Amino acid sequence: MNPTDIHHPDYFHKVVDCQWACPAHTPVPEYIRLIAAGRYSDAYMINWESNVFPGVLGRTCDRPCEPACRRGRVEENNGEKPEPVAICRLKRVAADFKDDIRGRLPKAPARKNGKRIALIGAGPASLTVARDLAPLGYQITLFDGDQRAGGMIRTQIPRFRLPESVIDEEVGYILDIGVDFRGGNRIDSLKQLLAAKYDAVFVGTGAPRGRDLEIPGRKEAAANIHIGIDWLSSVSFGHIDKIGRRVIVLGGGNTAMDCCRSSKRLGGEDVKVIVRSGFGEMKASPWEKEDAQHENIPILNYLVPLEFTHKNGRLTGVRFEKVKAEYDLKGRRKLVPTGEPAVHHECDDVLVAVGQENAFPWIERDIGIEFNEWGMPVVDKVTMQSSLPHVFFGGDAAFGPKNIIWAVAHGHDAAISIDKLCHGEDVSVRPPPMVTLASQKMGIHEWSYDNDISGDERYKVPLKDQRIALKNIKVEVELGFDPKLALAEAGRCLNCDVQTVFAPRLCIECDACVDICPMDCITFTSNGDETDLRTRLNAPAHNLTQDLYVSDALKTGRIMAKDEDVCLHCGLCAERCPTGAWDMQKFLLDMTHAGPGCRNKPQRKAA
């Protein structure tokens, strides 16, 4: 193998698994260390620069960072399934305990740059674009059919998960940067908006239409059959404040979990979730399912709805077919009937939460925007640009339903494209991230970070007493970590951004680092191709998604090969090394957002 180029931004970025997995690439270990130091405002600002909504996401993020967490694959004897660091809940700690940070937020310049940008839909994607562009002098006009900004953050996430005060605060931070928000102003014609000659238009309207379930009885019992996301919006706005005693929620995603838990708080005594798939195949996040079960809501699997039963125009229940999963040779699943008799579950109301769809009836098909066979706009996944060069899409409106953190990432990417477009630059040329790599030496064998490896299990987030929580839909269930619990949980972070950096010229091949490494991830051996080398390490490196760190040839002709996948970043190799060939260096990667840093550097004229 060729020697590893550790100066390539992606190399150590991939080693910081949580940051690599985060769509917005938030520097997770950096802000966790700040939380451990009690520097909550600094931790909040690192999050705000990256993911825009720390308080919101600290309660609602889909947490792609946590399955990637190194603790999930290196812990031993810590339960049947080792738990990752509670990254999402620590983000909330930064939001809960920060000081007033408004003085640290950017402000719109008094003099605008002359460019006008229209944002359609005031959800997280559009708000991110506004956050990135308003401080640069762009005149931002944000349109939304609702009177208050926030999009699905405000309309579809129940208040017992996300208090309105948190939404108001973090949405307000953005609107206060000189954004012209026009609430109650629904855009019904993109062609008409384009006629206003905006320099760029961003569409962040989400996936506002819930899928229906057209089975027998749907029309006859329509009064008590509700589309889940529409029902949640009506609850959020106070239009609905009660539901029947017996409730069936159809669907296995996060919306279904919000529907069943909301029903419990609005009078539902017998609430159940019924899903066509198996429990493990449900799209809901594991913790969302756990939260529903904690509130004694049963989840019934492998039942396919056949018919809404009714009597005298009133819903009486749902009839289901029992199915089982069968898999072909390629592992593809097919649900087939078991042959058992159909089952009937009585209910007073049904909430249909079987998916969401995009709806673009307001975008004319003769204005140059190409749509695919599924009625979705054709959008470049890097630039977020549509086939009409100055129209961009992001969030659920671009690629279908995902989650808030993906909408934020799309917003950052679209803002870069808009900024480059307005400066006459090629939007496909993307800016590199800003990277620093700095030694953490404070002495011969001392570091500026705590390299002790905590053996603690993941700490549980305290919950509100159910007797109180289930009586009021606006009472937040999770209480969050207090500073003491936050410190303990932060101590579980392995500091994966503090990298083991090897200097071959200093190595005397004494194998001291090999002897002390608790994970057997360092090997001195002859070189070879990657497939062969991975099998000859002290501990075979089976995870092909994580690179090997390979050195130049040493004095004996051997090379040092290190498996980055299971390294604990404990620093013992550097502490043991007698020549200083190993060093612990903090890798910090900040994504470049819209602004001068994202634009092409001017070419110097020849002398």
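So, how was this worked out
Residues numbered from 1 in each chain as written. Predicted model: local features only at pLDDT ≥ 70, side-chain atom pairs only at ≥ 80, totals over all residues. Heavy atoms only, no water. Helix = DSSP H or I, 4+ residues; strand = E, 2+ residues; numbered from the N terminus. Rg over C-alpha atoms; globule rule 2.2 N^0.38 Å. Buried < 20%, exposed > 50% of the residue type's maximum accessible area, 1.4 Å probe, protein only. Contact = heavy atoms within 4.5 Å. Areas by Shrake-Rupley, 256 points an atom, 1.4 Å probe, with all protein chains shown as cover. Lys, Arg positive; Asp, Glu negative; His and termini not counted. Charge placed at Lys NZ, Arg CZ, Asp CG, Glu CD. Phe/Tyr/Trp six-rings, centres within 6.5 Å; stacked < 30°, edge-to-face > 60°. Lys NZ or Arg CZ within 6 Å of the ring centre and 35° of its normal. Disulfide = S-S within 2.5 Å. Core = buried A, V, L, I, M, F, W, Y, C linked by side-chain atoms within 4.5 Å. Pairing = 2+ DSSP bridges. Axes fitted to C-alpha atoms, helices over the stretch in contact; angles between N-to-C directions. Salt bridge = Lys/Arg side-chain N within 4 Å of Asp/Glu carboxyl O. Polar contact = N/O pair within 3.5 Å; in protein donor to acceptor, adjacent residues only side chain to side chain. Expected span 1.5 Å × (residues − 1). Parallel < 35°, antiparallel > 145°, perpendicular 65-115°, else oblique. Nonpolar A, V, L, I, M, F, W, Y, C, P; charged D, E, K, R; others polar.

Undergrad: Any details on the overall build of the protein chain? Residues and values, ideally.
TA: Looking only at helices and strands, one finds 22 helices and 22 strands in the protein chain. Taking 2.2 N^0.38 as the reference for a compact globule, 607 residues should give roughly 25 Å; the C-alpha atoms of the protein chain span a radius of gyration of 27 Å, in line with that estimate. C-alpha extents for the protein chain along the principal axes are approximately 90 × 65 × 50 Å. Considering the protein chain as a whole, with its 607 residues, one finds that 55% of them fall into the buried category. Across the protein chain, the fraction of contacts at a sequence separation of at least 24, relative to all contacts at a separation of at least 6, is 72%. If you sum the accessible surface of the protein chain, you get close to 27300 Å²; carbon and sulfur atoms cover 50% of it. Taken together, the 78 basic and 84 acidic charged side chains of the protein chain have centroids lying 4 Å from each other.

Undergrad: Provide a residue-level description of the packing of aromatic side chains, including the pertinent values.
TA: Across all of its chains, the model carries 10 aromatic pairs by this definition. Here Phe360 and Trp362 contribute two aromatic rings whose centre-to-centre distance is 6.4 Å and whose plane-to-plane angle is 50°, an arrangement assigned as tilted. Residue Phe360 is classed as buried on the basis of its relative accessible area, which comes to 4%. Judged by centre distance (6.4 Å) and plane angle (65°), the rings of Phe502 and Phe524 are edge-to-face. Taken together, the residues Phe502 in strand E18 (residues 498-502) and Phe524 in strand E19 (residues 522-525) connect sequence positions 22 residues apart. On the basis of relative accessibility, which here comes to 7%, the residue Phe502 falls in the buried class. By relative accessible area, which is 10% here, Phe524 ends up buried. Here the basic side chain of Lys98 rests over the ring of Tyr44, its NZ or CZ set 4.8 Å away from the ring centre.

Undergrad: Just give me the short version of unusual backbone geometry, but keep the residues and values in it.
TA: Of note, the phi angle at Arg63 is positive, near 55°, even though the residue is not glycine. When you line up the elements, Arg63 lands in the loop between helix H5 (54-60) and helix H6 (65-68). A relative accessible area of 4% means that Arg63 is categorised as buried. At Asn495, a position not held by glycine, the phi torsion is positive, near 55°. As for its placement among the helices and strands, Asn495 is situated in the loop between helix H19 (483-490) and E18.

Undergrad: Before we move on, could you go through the state of the cysteines and cite the residues and values that matter?
TA: According to the stated counting rule, one finds 0 disulfides in the structure shown. A disulfide-free cysteine, Cys88 has its sulfur positioned 5.4 Å from the sulfur of Cys61, the nearest such atom. For the unlinked cysteine Cys510, the closest cysteine sulfur is that of Cys577, found at 6.1 Å.

Undergrad: Could you give an account of the nonpolar core, with specific residues and numbers?
TA: Counting 130 residues, the largest nonpolar core has Leu190, Val201 and Phe393 as the members making the most contacts within it. Among all residues touching Phe393, those that are not within four sequence positions of it are Phe202, Val203, Phe360, Ile363, Ile369, Pro377, Val379, Met384, Ser386 and Ala398. In this structure, Cys259, Ala292, Ile297 and Ile473 belong to the second largest nonpolar core, which totals 25 residues.

Undergrad: Can you tell me about the sheet that holds strand E1 (residues 116-120), naming the residues and giving the values?
TA: Here we have 5 strands laid out as an open sheet, ordered E3-E2-E1-E4-E16, and parallel in their pairing. Strands at the two margins of the open sheet, each flanked by one partner only, are strand E3 (180-183) and strand E16 (391-393). In this sheet, adjacent strand axes meet at a mean angle of 20° when their direction is disregarded. Inspection of the sheet shows E1 paired to strand E4 (residues 200-203) by 4 bridges, in the parallel sense. Bridge pairing in E4 links Ile120 to Val203.

Undergrad: Tell me about the pattern of salt bridges, and name the residues and values.
TA: Overall, the coordinates contain 50 salt bridges when judged by the stated rule. Note that Asp565 and Arg73 form a salt bridge whose closest N and O atoms lie 2.9 Å from each other. In this pair, Asp565 is assigned in the loop between strand E21 (559-563) and helix H22 (572-576) and Arg73 in helix H7 (residues 71-74), connecting sequence segments 492 residues apart. A relative accessible area of 9% places Asp565 in the buried class. Given the relative accessible area of 30%, Arg73 is considered partly exposed. Residue Glu357 is joined to Arg211 by a salt bridge in which the shortest nitrogen-to-oxygen separation is 3.3 Å. Residue Glu357 is found in strand E15 (residues 356-357), and its partner Arg211 is found in the loop between strand E5 (209-210) and strand E6 (225-227); the two are separated by 146 residues along the sequence.

Undergrad: Describe the side chain of Ser126, with residues and values.
TA: Mapped onto the elements, Ser126 comes out in helix H9 (residues 124-133). Here Ser126 falls in the buried class, since its relative accessible area comes to 0%. At 2.6 Å, the side chain of Ser126 forms a polar contact with the backbone oxygen of Gly121. Other than its neighbours up to four places away in sequence, Ser126 contacts Leu119, Ile120, Gly121, Leu142, Phe202 and Gly204.

Undergrad: An account of helix H17 (residues 404-422) is needed here, citing residue identities and associated values.
TA: For H17, with 19 residues, the first-to-last C-alpha span of 27 Å sits near the 27 Å given by 1.5 Å per residue. With respect to burial, H17 is a largely interior element, 16 of its 19 residues being buried. Positive backbone phi, approximately 70°, marks Gly424, located one or two places after H17.

Undergrad: Describe in detail the packing of H9 against helix H11 (residues 164-175), supporting the description with residues and values.
TA: Interaxial distance between H9 and H11 falls to 9 Å at its minimum, and their mutual angle equals 45°. As summarised for this structure, H9 and H11 are arranged oblique, according to the angle between their axes. Across from Leu127, Ala130 and Arg131 in H9, the residues of H11 making contact are Val171, Ile174 and Leu175. Considering only residue class, the contact of H9 with H11 consists of 5 nonpolar, no polar and 1 charged.

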